[in-house]
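# Chain and residue survey
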Amino acid sequence: MNILAPSILSADFANLGDAVRTIDMAGAGYIHIDVMDGIFVPSISFGMPVIKSLRKCTDKIFDVHLMITDPDRYLADFKEAGADIITVHAEATSHLDRTISAIQEMGCKAAVSVNPATSLSSIEYVLDKLDTVLVMTVNPGFGGQKYIDYCTGKIKDLRHMIDRRGLKTDIQVDGGITLDNVQTVLDAGANIIVSGSAVFKGDADKNVKEFMKLLNK
Ligand code: DX5
Ligand code: ZN
């Protein structure tokens, strides 16, 4: 079962509640929530209060992607705001194993993200305890960027690593995924698809349904 996780970063922030309800009703699996601190990535998005407000709009899983330095400082706050899955970047924390354990001990699922240039060796030893690995397919920080082609090989390498160990770890991909290239990442082995601009540009209801057709083929 493949899952679509629309990123609300590309939604109209003046009508975020409506945007979340639309993608929920259209069949999105997760709501992908991008938190940026202006340090780990160049941009600043939003934080806990916004997530807390959105929690009232839907029962869907909140997939909170923390693009922040030293995420341990805020894990409990994001859990309290309504996060179900918390993703941290391998590049943003000094003690990755401790961060993963802290997320899981709170009762959230733990995911680790790797930037395009970061080797999969950075998650090699913690893979068995992870729920999800997020392969960034753009340099994080902004929506609407172009998919980086060499990431396809990385998704395939991760799929082999997971299968070789007989794990059930999810592979999530994020950045530049459109209706035109989603098949490529599915074929490479991804099963959770994040998409921002390709969902919210135009008719989000229709776009989610089009994605779901391809994801459930
Ligand atoms: C990028 C974010 C993504 C972004 C995806 O830094 O993590 O989730 O919103 O947007 P698109 O699909 O437009 O690349
Ligand atoms: Zn994201």
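Being a predicted model, the structure only gives us computed values, none of them experimental.

## Concerning the overall build of the protein chain
In terms of helices and strands, the protein chain carries 8 helices and 8 strands. Radius of gyration (C-alpha) of the protein chain: 16 Å, near the 17 Å computed for a compact globule of 217 residues. Expressed as lengths along the three principal axes of its C-alpha atoms, the size of the protein chain is roughly 40 × 35 × 30 Å. For the protein chain, the proportion of its 217 residues judged to be buried stands at 43%. Long-range pairs, those at least 24 residues apart, make up 63% of the contacts in the protein chain between residues at least 6 apart in sequence.

## Thoughts on the site of ligand 1
Neighbouring ligand 1 are 22 residues, the closest being Ser 7, Pro 140, Gly 143, Gly 196 and Ser 197. Looking at the shell around ligand 1, the elements with two or more residues in it are strand 2 (30-36), strand 8 (192-195) and helix 7 (197-200). Taken together, the residues of the shell around ligand 1 break down into 7 nonpolar, 13 polar and 2 charged.

## Re the environment of Ala 92
The residue Ala 92 is located in the loop between strand 4 (85-89) and helix 4 (96-105) in this model. As for Ala 92 and Ala 19, which are separated by 73 residues in sequence, their C-alpha atoms are 29 Å apart. Ignoring any residue separated from it by four or fewer positions in sequence, one finds Ala 92 in contact with Phe 40, Ile 68, Thr 69, Asp 70 and Pro 71.

## Digging into the UniProt feature "active site" (unreviewed entry) in the protein chain
Per the UniProt record, "active site" (unreviewed entry) is annotated on Asp 34 and Asp 174. Maximum C-alpha separation among the annotated residues is 10.6 Å over a sequence range of 141 residues, consistent with a single clustered spot. By the element assignment, Asp 34 lies in strand 2. Overall, the presence of 25 C-beta atoms within 10 Å leaves Asp 34 in the buried class. Beyond its immediate chain neighbours, meaning those up to four positions away, Asp 34 contacts Ser 7, Leu 9, Ser 45, His 65 and Met 67. Its place among the elements puts Asp 174 in strand 7 (residues 170-174). In contact with Asp 174, not counting residues within four places along its chain, are Leu 134, Met 136, Thr 137 and Val 194.

Definitions and limits used
Residues numbered from 1 in each chain as written. Chains lettered and ligands numbered in written order. Predicted model: local features only at pLDDT ≥ 70, side-chain atom pairs only at ≥ 80, totals over all residues. Helix = DSSP H or I, 4+ residues; strand = E, 2+ residues; numbered from the N terminus. Rg over C-alpha atoms; globule rule 2.2 N^0.38 Å. Buried ≥ 20, exposed ≤ 12 C-beta atoms within 10 Å, placed from the backbone. Contact = placed C-beta atoms within 7 Å. Near = placed C-beta within 6 Å. Nonpolar A, V, L, I, M, F, W, Y, C, P; charged D, E, K, R; others polar. UniProt positions renumbered as here; feature names shortened; annotations may be inferred.

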